[in-house]
Amino acid sequence: MNHAPIRILLADDQDDVRSGFRLVLDSQPDMTVVGEAADGATALELARSLRPDVVLADIRMPRLDGLELTRRLAGPDAPHPTRVIVVTTFDLDEYVHTALHHGASGFLLKRSGPNLLIEGVRAAMAGDALISPQITVRLLRRLTTAPSLPATASPPAEARAADPLTDRERQIVRLIARGHTNAGIAAELFISPGTAKTHIANIQTKLKTANRVGIAAWAWKTGLATPEA
């Protein structure tokens, strides 16, 4: 059975960036770019008229920045919630937190390459939030050094005792905590990307997390993954 392609709107003030994204995404049999905008206000208008499945938004744009665009399209007050993936050159924690708080379905760096862009769109459609691996690892390193637990605390015994995961799932969780994508996990464990995706969905259910960032945070908090692991 043929499924309708994922309809994508591009919002970036640089023509060459939009052209590059269009080339990558339109090359996929299950994706099609339905519109482009060079500023946030136009992107908002197009999103409301075209009703795309996914909006790829830069942060620094004229008239309306990508973070405010995300809030208006994906935030709790959005009349017709739309999946928004922030794709930017600016690797700042404040931007990441704000974008996710506003409901973003991913935060990717432009330098991450075309494969992660494609995977990010598919993850958003599946209800996940894909974060560029280098960002995930950095944020979680900070989490482990934050004073959220007493300095003498070891990995919580209760969390480890209640660990519901299989050995294979623990392997996958460690790789997620190191910032691996589904494709990277599949290559590392000699399984298909589809199998990796299924495992991750099962892990999210068992750990009651919304996305892979939550999985990684659980791994670091419980000591299953460490900065050196």
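The structure under discussion appears in the preceding block.
Scope of this entry: the structure provided in the associated data block.

Cut-off values and rules
Residues numbered from 1 in each chain as written. Predicted model: local features only at pLDDT ≥ 70, side-chain atom pairs only at ≥ 80, totals over all residues. Heavy atoms only, no water. Helix = DSSP H or I, 4+ residues; strand = E, 2+ residues; numbered from the N terminus. Contact = heavy atoms within 4.5 Å. Pairing = 2+ DSSP bridges. Buried < 20%, exposed > 50% of the residue type's maximum accessible area, 1.4 Å probe, protein only. Arc of directions from axis to C-beta. Polar contact = N/O pair within 3.5 Å; in protein donor to acceptor, adjacent residues only side chain to side chain. Right-handed = clockwise from strand over helix to strand, strands pointing away.

Here E188 shows up in helix α9 (residues 182–189). Separated by 16 residues in the primary sequence, E188 and I172 place their C-alpha atoms 9.4 Å from one another.

Considering the arrangement of structural elements, one finds D91 in the loop between β4 (83–88) and α4 (93–101). Expressed as a C-alpha distance, the spacing of D91 and Q134, which sit 43 residues apart in the sequence, is 9.4 Å. Filtering out sequence-adjacent residues up to four positions away, D91 remains in contact with L109, R111, I135 and R138.

With that settled, the discussion passes to the sheet that holds strand β1 (residues 6–11). By definition, the strands of a sheet pair up through backbone hydrogen bonds, in either a parallel or an antiparallel sense. Spatially, β2-β1-β3-β4-β5-β6 is the arrangement adopted by the 6 strands of the open sheet, whose pairing is parallel. The two strands at the open ends of the sheet, each matched to only one other strand, are β2 (31–37) and β6 (130–131). The sheet contact formed by strand β3 (residues 54–57) and β4 spans 4 bridges and is parallel. Counterpart to V55 in the pairing with β4 is V84.

Before going further, it helps to examine α4. For α4, the full list of buried residues reads D93, Y95, V96 and A99. Along the long axis of α4, the arc covered by the buried residues comes to 160°, so they all point the same way. Opposite the buried face of α4, by more than 90 degrees, sit the exposed residues E94, H97 and H101. G103, located one to two residues past α4, shows a positive phi value of around 100°.

The next thing to look at is the side chain of R18. Residue position: R18 is located in helix α1 (residues 15–26). By relative accessible area, which is 9% here, R18 ends up buried. Here the side chain of R18 touches E36 through a polar contact of 2.9 Å, side chain to side chain. In this structure R18 touches L10, D12, D13, E36, A37 and A38, once residues within four positions along its chain are discounted.

Before going further, it helps to spend a moment on the pairing of β1. When you tally the buried positions in β1, you get 5 out of 6 residues, the bulk of the element. Regarding the hand of the β-α-β motif, the stretch spanning β1, α1 and β2 is right-handed. Bridge count for β1 against β3 is 4 bridges, and the pairing is parallel. Residue pairing for β3: A11 is matched across the bridge by A57.

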